[in-house]
2 protein chains.
Amino acid sequence: MVFDSDDMEAAGTAKVQIAMKYDDKNKQFAILVIQLSNVPALLLHQDQKVTIRVAVLPCSESTSCLFRTRPMDVSDNLMYSEIFWVSISYAALRQKTLRVDVCTVNKSHLEECLGGAQISLAEICRSGEKSTRWYNLLSYKYLQKQSLK
Amino acid sequence: MVFDSDDMEAAGTAKVQIAMKYDDKNKQFAILVIQLSNVPALLLHQDQKVTIRVAVLPCSESTSCLFRTRPMDVSDNLMYSEIFWVSISYAALRQKTLRVDVCTVNKSHLEECLGGAQISLAEICRSGEKSTRWYNLLSYKYLQKQSLK
């Protein structure tokens with residue numbers, strides 16, 4: 001294996017900041033979509049609107065599992081600060097994966113997702129403590145090119 | 001939103017246990033694939049062999065980024081305990097996502113991946129401390145059905 005000195009190339013990854021919290025008393029899971037950074041790394045056009053789609057997967061038929069932020073005009077960093085609540089037991093939540101997608105929406109409301117992150121909830125904290133983290137986004141164009149999608 | 005009482009249905013998720021550690025002095029990232037649990041949830045046939053593929057993405061051309069465990073015969077739980085090392089700077093590593101895929105290999109060495117997890121390395125610890133966690137696996141058949149792949 002060779003030492004990877006190519007930091008410059010890698011420094012441009014788009015990231016999303018998400019906070020999560022489980023309220024055990026009320027059996028509510030909160031997903032706070034805070035912000036998106038380094039948006040141009042996903043190769044957006046300047047005149048597009050960007051929405052963040054979050055899904056708690058696999059989706060149970062009895063509960064809402066797919067949410068979208070409002071669409072925002074493209075810029076380097078986008079501040080969403082939107083919160084979504086899911087009614088779910090702790091046991092069920094621990095089997096889920098939070099899928100976060102960054103998508104564009106055109107005037108016909110057609111959605112195209114450019115990249116995303118998956119966050120396993122297998123070890124989600126039960127205590128009600130909020131976990132706030134940055135997650136790297138993988139570009140779907142890149143994954144398709146690599147046949148790793 | 002409705003209370004999700006369907007815990008039984010969700011309890012069957014396949015999970016992978018992974019440990020990770022970054023050695024800052026030697027600029028080495030270690031990925032330890034420990035085990036796979038609840039393998040039948042990925043709907044494998046009994047006569048298949050299962051390998052775990054890990055990729056540090058996006059892949060830099062100057063370094064190895066794709067690794068595979070040895071193939072093992074299907075059973076409910078599979079103990080791999082295999083370690084892979086990647087030579088990479090901390091700054092570059094923090095831009096990466098670890099993609100973990102559970103794949104079958106047939107006699108012609110053709111690989112079919114059934115499910116996976118993505119682990120963002122944006123907040124990977126620099127101190128050399130080992131982080132060991134379970135990650136839920138999302139079935140690719142499920143994602144395809146949901147058009148969320």
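Structure: see above.
Description of the structure in this document. The model shown is predicted, which means the values in this text are computed figures rather than measured ones.

Quick look at the state of the cysteines now. Counted under the stated rule, the structure contains four disulfides over all chains. Cys59 of chain A shares a disulfide with Cys65 of chain A; S-S distance 2.0 Å. Where Cys59 of chain A bonds to Cys65 of chain A through sulfur, the torsion about that S-S bond is close to -100 degrees, and the disulfide is left-handed. On the accessibility criterion, Cys65 of chain A (11% relative accessible area) is buried. What connects to what in chain A, once the bonded cysteines are numbered by sequence position, is 1-2, 3-4. Free cysteine Cys125 of chain A: the closest other cysteine sulfur is in Cys125 of chain B, separated by 18 Å. We classify Cys125 of chain A as partly exposed; its relative accessible area is 34%.

In this section: the sheet that holds strand β2 (residues 28-37) of chain B. Residue and element names in this part refer to chain B. Read across the sheet, four strands follow the order β6-β2-β1-β9 without closing on themselves; strand pairing throughout is antiparallel. With one partner strand each, in any of the chains shown, β6 (78-87) and β9 (131-136) form the two edges of the open sheet. Strand-to-strand twist of the sheet, defined as the mean angle between neighbouring strand axes without regard to direction, takes the value 20 degrees. In this structure, strand β1 (residues 15-23) lies alongside β2, joined through nine bridges in antiparallel fashion. Bridge pairing in β2 places Lys15 opposite Ser37.

As a further point, take unusual backbone geometry. In this model, Leu57 of chain A is joined to Pro58 of chain A through a cis peptide bond whose omega is -10 degrees. Of note, Pro58 of chain A is situated in the loop between β3 (49-57) and β4 (66-68). The backbone of Asn38 of chain A sits at a positive phi, close to 55 degrees, despite the residue not being glycine. When you line up the elements, Asn38 of chain A lands in the loop between β2 (28-37) and β3. Residue classification places Asn38 of chain A among the partly exposed positions, given a relative accessible area of 27%. For His109 of chain B, which is not glycine, the phi torsion reads 65 degrees and is therefore positive.

Cut-off values and rules
- Residues numbered from 1 in each chain as written.
- Chains lettered and ligands numbered in written order.
- Predicted model: local features only at pLDDT ≥ 70, side-chain atom pairs only at ≥ 80, totals over all residues.
- Heavy atoms only, no water.
- Disulfide = S-S within 2.5 Å.
- Buried < 20%, exposed > 50% of the residue type's maximum accessible area, 1.4 Å probe, protein only.
- Pairing = 2+ DSSP bridges.
- Helix = DSSP H or I, 4+ residues; strand = E, 2+ residues; numbered from the N terminus.
- Axes fitted to C-alpha atoms, helices over the stretch in contact; angles between N-to-C directions.

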